[in-house]
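Take a look at the letters that make up each chain.
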Amino acid sequence: MPHYMKYLTRILALAPKIVSVLLFCAVTLGQSPRTVAKAAKSYGYVATICKDGEERSGAGTYIAPTKVVTAGHLVNPRCLTTVSGEKAERVVQSTKYDLAFIFVAKPHVFATMSTAELFQPIFYIGAPLGIAHGVARFGRLIYIRGSIGIGDATTVSGDSGAGVFNDSGKLIGIVTGRVGDEVTYLSLILMSDAIRSSN
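Each chain has its residues counted from 1, running along the sequence as written. At least 70 in pLDDT is required for a residue's local features to be given in this predicted model, at least 80 for side-chain atom pairs to be given and counted, and no such filter applies to totals for whole chains, interfaces and linings, which use all residues. Note that water and hydrogens are dropped before the side-chain values are worked out from all heavy atoms of the structure.

**A short note on the sheet that holds strand β13 (residues 185–191)**
At least two bridges found by DSSP between two strands is the condition for calling them paired. Secondary structure is summarised from DSSP: a helix means a run of H or I of at least four residues, a strand means a run of E of at least two, and numbering begins at the N terminus for each. Judged by pairing direction, the barrel is antiparallel, and its six strands sit side by side in the order β8-β9-β10-β13-β12-β11 before closing back on the first. Here the strands of the sheet are splayed against their neighbours by 45° on average, with no regard to which way each runs. Here strand β9 (residues 135–145) runs beside strand β10 (residues 148–151); their pairing, made up of four bridges, is antiparallel. Bridge pairing links Leu141 to Gly151 in β10. With axes taken as lines fitted to C-alpha atoms, and helix axes fitted only over the stretch in contact, angles between N-to-C directions fall between 0 and 180 degrees.

Set out below in structure tokens:
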């Protein structure tokens, strides 16, 4: 048997596993790289620095050319807040939700909002552990009640404020926290209807 045949035999033996992984990615996750790349253009790294040395960071999503939505606990109107290095002109916190709007001067690509459907594929773009360029995580929306949803994509420190997108790349909410034990954290999501009503 020629030596290349043993490699071909190994590849063919792995074919079912490769196909199942590809099917899992296509069916379970449901997002194309283009959709994720398009949504990533509306991402912003949110950082707040106070005079007393307190620092907070996470993610935000542009929902208008100069308006970013993020988690309210990331910002403090009395401190310096930046979005991807650009100083905020104004910060407005919601009194009802863990939600804030940051206004900047420079126009940016922004996401459009949509309503969510239970069990739909989702992804979000956060700043886990302070990674400023943004990292996408994938999962499904497994719970919705009123303005709150839960996604099964793992959430860690730095993901607060991350935009949560459906498989069409539409913004359906933001990550405001996490739920779970010390090993696995699910995403606590403030849904787009709450963002719209606070807007």
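**Quick notes on the sheet that holds strand β7 (residues 100–103)**
With antiparallel pairing, the seven strands of this open sheet are ordered in space as β5-β4-β1-β2-β3-β7-β6. Two strands in the sheet have a free side with no partner beyond their single neighbour: β5 (86–87) and β6 (90–93). Where strand β4 (residues 80–83) meets β5, two bridges bridge the pair, whose relative direction is antiparallel. Paired with Val83 across the two strands is Glu86, which belongs to β5.

**Some details on the confidence of the model for the protein**
Per-residue pLDDT for the protein averages 86, and the proportion of residues at 70 or more is 82%. pLDDT is defined as a per-residue confidence score from the predictor, taking values between 0 and 100. When checking whether two residues touch, look at their non-hydrogen atoms; a contact exists if any pair is within 4.5 Å. Across residues 14–29 the pLDDT falls below 50, and counting only partners more than four positions away or on other chains, this stretch makes nine contacts in the model.

**Observations regarding the environment of Asp159**
In this structure, Asp159 sits in the loop between β10 and β11 (163–166). For Asp159, a relative accessible area of 0% puts it in the buried group. Residues Asp159 and Gly134 lie 25 residues apart in sequence; the distance between their C-alpha atoms is 9.2 Å. For Asp159, the contacting residues outside a window of four places in its chain are Tyr124, Gly126, Ala127, Pro128, Arg137, Thr154 and Val175. What qualifies as a polar contact is a pair of N or O atoms within 3.5 Å, subject to a donor-acceptor requirement within protein and to the restriction that residues adjacent in sequence count only when both atoms come from side chains. In terms of polar contacts, Asp159 uses its side chain to reach the side chain of Tyr124, at 3.4 Å. Only protein chains enter the accessibility calculation, which uses a 1.4 Å probe; a residue whose area is less than 20% of its type maximum is buried, one above 50% is exposed, and one in between is partly exposed.

**Some points on the environment of Tyr43**
Here Tyr43 shows up in strand β1 (residues 43–49). By relative accessible area, which is 11% here, Tyr43 ends up buried. For the pair Tyr43 and Ala162, spaced 119 residues apart in the sequence, the C-alpha separation amounts to 8.1 Å. Not counting the four nearest positions on each side in its chain, Tyr43 is found in contact with Ala59, Gly60, Tyr62, Ser84, His108, Ile125, Gly126, Ala127, Ile131, Ala132, His133 and Gly134. From its side chain, Tyr43 meets the backbone oxygen of Ala132 in a polar contact 2.9 Å long.

**Observations concerning the side chain of Glu86**
Looking at the secondary structure, you find Glu86 in strand β5. The side chain of Glu86 sits in the buried core without any salt bridge; Lys106 is the nearest counter-charge, 5.8 Å away. From its side chain, Glu86 meets the backbone nitrogen of Lys106 in a polar contact 2.8 Å long. When neighbours within four sequence positions are excluded, Glu86 is seen to be in contact with Tyr62, Thr81, Val104, Ala105 and Lys106. Positive charges are assigned to Lys and Arg, negative charges to Asp and Glu, while His and the chain termini are left out of the count. Any Lys or Arg side-chain nitrogen located within 4 Å of an Asp or Glu carboxyl oxygen qualifies as a salt bridge.

**Here we look at the pairing of β7**
Residues Ala100 and Ile102 line one face of β7 and the alternating positions Phe101 and Phe103 line the opposite face, and both faces are buried. As paired elements, strand β3 (residues 67–70) and β7 share four bridges and run antiparallel to each other. Bridge pairing links Val69 to Phe101 in β7. Bridging between β6 and β7 involves four bridges; their strand directions are antiparallel. Residue pairing in the sheet places Gln93 in a bridge with Ala100 of β7. Connecting the antiparallel pair β6 and β7 is a turn made up of six residues.

**Some words on the nonpolar core**
With 32 residues, the main nonpolar core has Val69, Leu99, Phe101, Val164, Phe165 and Ile195 as its most contacted residues. The residues touching Val69, leaving out its near neighbours within four places in the chain, are Gly60, Thr61, Ile63, Leu99, Ala100, Phe101, Gly161, Leu171, Ile174 and Ile195. By nonpolar core is meant a set of buried Ala, Val, Leu, Ile, Met, Phe, Trp, Tyr and Cys residues that side-chain atoms within 4.5 Å join together. Counting residues in hydrophobic clusters, the runner-up holds twelve residues, among them Val68, Leu74, Val83 and Val91.

**A closer look at the environment of Arg178**
Within the element layout of this structure, Arg178 appears in strand β12 (residues 171–180). Put simply, Arg178 and Ser157 are 21 residues apart on the chain and 8.9 Å apart in space, counted from C-alpha to C-alpha. With residues up to four places along the chain from it excluded, the contact list for Arg178 reads Thr155, Val156, Ser157, Tyr185, Leu186 and Leu188.

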